[in-house]
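So you can see what is in the structure, the chains are spelled out below.
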Amino acid sequence: MHLPVRAEHAGIEPYGAPQLDVPVLLNVNENPYAPSPEVVATIAADVAAAAATLNRYPDRDFPGLRQDLADYLAGESGVRVAPEQVWAANGSNEVMLHLLQAFGGPGRTALSFAPTYSMYPEYARDTSTAWVTGRRETDFTLDPDAARAAIAEHAPSVILLASPNNPTGTALTRDVVEAVCEAALAVTPRGAEPGTSAVVVVDEAYGEFRRAGVPSALELLERYPNLAVSRTMSKAFALAGARVGYLAASTTLVDALRVVRLPYHLSAATQAVARAALKHSASLLAQVDALRAERDATVAWLRAQRPAALGGEPLQVADSDANFVLFGTFPDRHAVWQGLLDRGVLIRETGPDGWLRVSIGTPQEMTAFKDALVEVAGL
């Protein structure tokens with residue numbers, strides 16, 4: 001018997017990084033620092049209160065959480081948005097899927113610039129949206145002229161920009177985001193009525209880790225009603241297990257997402273966890289500075305290495321504004337990945353050929369990573 005699987009899904013393996021039980025897990029960009037006992041106690045109390053009403057559906061528009069997220073963004077970025085300009089879902093993955101459900105679809109195109117997050121083409125596939133990519137420069141930056149040309153050529157309905165970019169860690173400059181937003185306003189998406197513009201999504205899942213002076217695209221929201229800026233509580237907030245992502249955009253854009261969301265998609269327990277965590281945003285984000293410092297130290301250390309596997313040539317290491325570092329290039333990156341795994345350190349085999357990505361962990365975990373890499377790569 002054969003099931004009527006959609007042709008584009010036939011033979012496809014589910015997305016996911018390896019889940020292996022090893023001492024040092026540095027492969028999925030998690031925050032290595034668990035919530036404090038005080039945070040856990042607040043979450044437990046608030047979830048207990050929510051549990052008393054679980055016989056009722058949650059508020060499907062979650063105004064309390066949207067207000068709390070708007071307040072947080074005002075403090076983090078200096079940009080004040082109204083609660084109605086905020087949307088949330090089960091991780092930023094579901095936020096992105098909502099965007100493609102609302103603005104993608106058959107006959108429409110989503111555009112990004114490779115290398116970038118490997119889930120983007122899957123969102124497009126699952127919404128029957130055509131997927132195309134332009135290219136980043138050799139240092140993984142995005143040239144505004146190249147971006148304009150790609151937008152003019154493909155006339156997309158949705159443009160996805162990760163900043164900092166995954167897997168490279170590269171942040172976009174303000175002029176690049178402005179150039180993309182302007183180009184999106186100037187080109188009518190294929191099949192759309194005149195006067196329609198593409199939606200520009202800046203995915204700032206790692207935004208809190210950006211270096212001093214690197215702007216957030218939130219600063220451009222007032223100028224561009226076609227712009228959406230996505231965030232997550234998985235990384236900086238150390239809440240990967242809570243599955244809470246969100247975005248800020250114009251109320252018109254947010255209202256379009258409300259049409260495609262499933263009824264009551266954000267459970268009462270999830271809302272309670274997120275709101276409880278936001279009460280402790282200062283303490284939860286206290287480790288961000290330490291992770292930034294560890295990231296920068298890791299970049300410097302990697303750039304100083306001269307692997308025997310590369311004939312004594314230095315490693316290439318991408319500039320990073322995230323909580324991970326992309327480095328290479330190795331003739332056989334899988335052998336290096338396997339060698340680290342054999343020594344109890346799991347990193348990610350991702351990005352262009354020859355490159356590997358390591359998440360930033362505790363100082364002890366990063367020492368274990370460095371020691372293992374010295375042995376494997378002949379540093």
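Small disclaimer: the values here were computed from a predicted structure and weren't measured.

Some points on the side chain of Arg295
Residue position: Arg295 is located in helix H10 (residues 288-303). We classify Arg295 as buried; its relative accessible area is 0%. Ignoring any residue separated from it by four or fewer positions in sequence, one finds Arg295 in contact with Phe209, Arg211, Ser320, Asp321, Ala322, Phe324, Val325 and Ile360.

Let's talk about the sheet that holds strand S3 (residues 109-114)
The sheet built from seven strands is open, its strands ordered S2-S8-S7-S6-S5-S3-S4 with mixed pairing. Looking at the sheet topology across the chains shown, the edges are occupied by strand S2 (86-89) and strand S4 (130-135). Strand-to-strand, the axes of this sheet are offset by a mean angle of 25°, without reference to chain direction. Note: S3 against strand S5 (residues 158-162), two bridges, orientation parallel. What sits directly across from Ala110, in S5, is Val158. In this fold helix H7 (residues 251-260) packs onto S2, strand S6 (199-203), strand S7 (227-232) and strand S8 (245-249), with an angle of close to 140° to the strand it touches most, S8.

Notes on the sheet that holds strand S10 (residues 324-328)
Taking strand neighbours across the sheet as the criterion, the three strands line up as S9-S10-S12 in an open arrangement whose pairing is antiparallel. A single partner strand is all that each edge strand has here, and the edge strands are strand S9 (316-317) and strand S12 (356-359). In this structure, S9 lies alongside S10, joined through two bridges in antiparallel fashion. By the bridge assignment, Val317 is partnered in S10 with Phe327.

Overview of the packing of helix H1 (residues 37-51) against helix H8 (residues 268-279)
Axis separation between H1 and H8 bottoms out at 8 Å; the angle between their running directions is 145°. Of the two possible hands of crossing, H1 and H8 adopt the one that is right-handed. Facing H1, whose interface residues are Thr42, Ile43, Asp46, Val47 and Ala50, H8 presents Ala268, Ala269, Ala272, Val273, Ala276, Ala277 and Lys279. Each residue belonging to the contact of H1 with H8 can be placed in one class, and the counts come to nine nonpolar, one polar and two charged.

Some points on the domain arrangement of the chain
Domain parsing of the chain yields domain 1 (7-30 + 283-377) and domain 2 (37-279). Taken over C-alpha atoms, the centre of domain 1 sits 26 Å from the centre of domain 2. Listed as interface residues are 26 residues of domain 1 and, on the opposing side, 29 residues of domain 2. Summed over both sides, the interface between domain 1 and domain 2 buries roughly 2400 Å², with carbon and sulfur atoms accounting for 60% of that surface. On the domain 1 side of the contact with domain 2, Tyr15, Leu284 and Asp321 bury the most area, a combined 31% of that side's loss. Between the two partners, domain 1 and domain 2, sit one salt bridge. Taking the shortest distance from any N to any O, the salt bridge between Asp321 and Arg211 comes out at 3.0 Å. At the boundary of domain 1 with domain 2, the tally comes to 10 residue pairs in polar contact (both at pLDDT 80 or more). Elements that contribute at least two residues to the side of domain 1 that touches domain 2 include exactly helix H9 (281-284), H10 and S10. Broken down by element, the side of domain 1 that touches domain 2 gets its largest block of residues, four residues, from H10. Its residues assigned to classes, the side of domain 1 that touches domain 2 shows 13 nonpolar, seven polar and six charged.

Thoughts on unusual backbone geometry
Glycine aside, a negative phi is what most residues show, and trans is what most peptide bonds show. Note that the residue after Ala114, namely Pro115, is joined by a cis bond; omega there is 0°. Structurally, Pro115 is set in the loop between S3 and helix H4 (120-126). Cis geometry is adopted by the peptide bond preceding Pro167, which originates at Asn166 and carries an omega value of 20°. Relative to the helices and strands, Pro167 resides in the loop between S5 and helix H6 (174-186). Phi is positive for Phe62, close to 35°, though the residue is something other than glycine. Look at Arg243: it is not a glycine, yet its phi comes out positive at around 60°. Relative to the helices and strands, Arg243 is located in the loop between S7 and S8. On the accessibility criterion, Arg243 (31% relative accessible area) is partly exposed.

About the cut-offs
Residues numbered from 1 in each chain as written. Predicted model: local features only at pLDDT ≥ 70, side-chain atom pairs only at ≥ 80, totals over all residues. Heavy atoms only, no water. Helix = DSSP H or I, 4+ residues; strand = E, 2+ residues; numbered from the N terminus. Buried < 20%, exposed > 50% of the residue type's maximum accessible area, 1.4 Å probe, protein only. Contact = heavy atoms within 4.5 Å. Pairing = 2+ DSSP bridges. Axes fitted to C-alpha atoms, helices over the stretch in contact; angles between N-to-C directions. Left-handed = near helix turned anticlockwise from the far one by under 90°. Nonpolar A, V, L, I, M, F, W, Y, C, P; charged D, E, K, R; others polar. Domains from an automatic or database assignment. Buried area = accessible area lost by both parts, 1.4 Å probe. Salt bridge = Lys/Arg side-chain N within 4 Å of Asp/Glu carboxyl O. Polar contact = N/O pair within 3.5 Å; in protein donor to acceptor, adjacent residues only side chain to side chain.

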